[in-house]
Amino acid sequence: MIVLVMQIVKYPSPVLKQKALPVEKVTPEIVSLLDEMAETMYSAQGVGLAAPQVGISKRIIVIDIREPARLIQIVNPEIISAEGEIEWEEGCLSIPEFTLKMKRKAKVKVRGLNKDNKLIEIEAEGLLAVAFQHEIDHLDGKLLIDNISSLKRELYVKKIKKAAIL
Ligand code: ZN
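All values reported here derive from a predicted model rather than from experimental measurement.

**Some thoughts on the coordination of the zinc ion**
Inference 1: In the first shell of the zinc ion, the protein supplies Cys-92 (SG), His-134 (NE2) and His-138 (NE2), at 2.0 to 2.2 Å from the metal.
Inference 2: Mapped onto the polypeptide sequence, the residues donating to the zinc ion form the spacing pattern C-x41-H-x3-H. With His-134 and His-138 both in helix α2 (residues 127-139) and 4 residues apart, the pair spans about one turn of that helix. A single burial state applies to His-134 and to His-138, both of which are buried.

Here is the structure:
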């Protein structure tokens, strides 16, 4: 079976600002999407990807922080508990050439559906916890770049547009 690599939607595309809708059931179509998203994440060398980043406004994420390597594909993810604080310099596949130091919860417990439509819980800390919070933010239309001033955002868009032309 050929798994397609999808195109990653870039900021300021409106789909990135939408609140994504929950998935009713993990159907074979959703399983294919989970695999295409994983392939897309690996090919872009990211550690996580949310469905809105491939233009699909559904509550689906994939994560693999590589060290240790473990592919997590989860539908309707929800943070059910969180504790501590951690600071991490984050980037985003939808916001090229932009990083921002963010304060996040150091440990989270996430609940959601796996590929078999079964409810699972995952405990995460460190980078994995950061990745969960970053990707779940995407499902609520929240972006890393929302944390800087609107003036700085405009400058970023100008810079990126210019770079794309040259
Ligand atoms: Zn992102």
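**Examining the sheet that holds strand β1 (residues 48-50)**
Inference 1: Taking strand neighbours across the sheet as the criterion, the 5 strands line up as β1-β2-β3-β6-β7 in an open arrangement whose pairing is antiparallel. Each having just a single partner strand, β1 and β7 (119-125) make up the two edges of the open sheet. Direction aside, neighbouring strands of the sheet carry axes that sit 40 degrees apart on average.
Inference 2: Relative to β7, strand β6 (residues 107-113) is paired through 7 bridges, and the arrangement is antiparallel. Considered in β7, the bridge of Arg-111 is made with Glu-121.
Inference 3: Strands in contact with helix α1 (residues 28-43) are β1, β2 (60-63) and β3 (72-83); relative to β2, the strand with the most contacts, it is inclined by about 40 degrees.
Inference 4: Helix-sheet contacts for α2 involve β1, β2, β3, β6 and β7, and the interaxial angle to β2 is about 155 degrees.

**Let's talk about the side chain of Gln-53**
Inference 1: Tracing the backbone through its elements, the reader meets Gln-53 in the loop between β1 and β2.
Inference 2: Leaving out residues up to four positions away in the same chain, Gln-53 has contacts with Gln-7, Ile-8, Val-9, Leu-16, Gly-48, Cys-92, Leu-93, Ser-94, Glu-135 and His-138.

**Focus on the pattern of salt bridges**
Opposite charge on two side chains allows them to pair when their charged atoms are near.
Inference 1: For the coordinates displayed, the defined rule picks out 9 salt bridges.
Inference 2: A salt bridge links Asp-146 to Lys-17; the shortest N-O distance between them is 2.9 Å. Residue Asp-146 is found in the loop between α2 and α3 (150-165), and its partner Lys-17 is found in the segment before α1; the two are separated by 129 residues along the sequence.
Inference 3: Residue Asp-146 is classed as partly exposed on the basis of its relative accessible area of 30%.
Inference 4: What makes Lys-17 partly exposed here is its relative accessible area of 44%.
Inference 5: The closest approach of N and O atoms between Asp-137 and Arg-104, which form a salt bridge, is 2.9 Å.

Cut-offs and rules
- Counting from 1, residues in each chain are numbered in the order their sequence is written.
- Totals for whole chains, interfaces and linings use every residue, but because this is a predicted model, local features are given only for residues with pLDDT of at least 70 and side-chain atom pairs only at 80 or more, for both listing and counting.
- Note: side-chain values were computed over all heavy atoms of the structure, leaving out hydrogens and water.
- Shown as donors are all N, O and S atoms within 2.8 Å of a metal ion, widened to 3.2 Å for Na, K and Ca; because water is not in the atom set, sites may appear incomplete.
- Working definition: helices are DSSP H or I runs of at least four residues, strands are E runs of at least two. Numbering for both runs from the N terminus.
- Only protein chains enter the accessibility calculation, which uses a 1.4 Å probe. A residue is then buried if its area is under 20% of the maximum for its type, exposed if over 50%, and partly exposed in between.
- Strand pairing is assigned whenever DSSP detects at least two bridges linking the two strands.
- All axes here are fitted lines through C-alpha atoms, helices being fitted over the stretch that makes contact, and every angle between N-to-C directions spans 0 to 180 degrees.
- We call two residues in contact whenever any of their non-hydrogen atoms come within 4.5 Å of each other.
- Salt bridge, as used here: a side-chain nitrogen of Lys or Arg that lies within 4 Å of a carboxyl oxygen of Asp or Glu.

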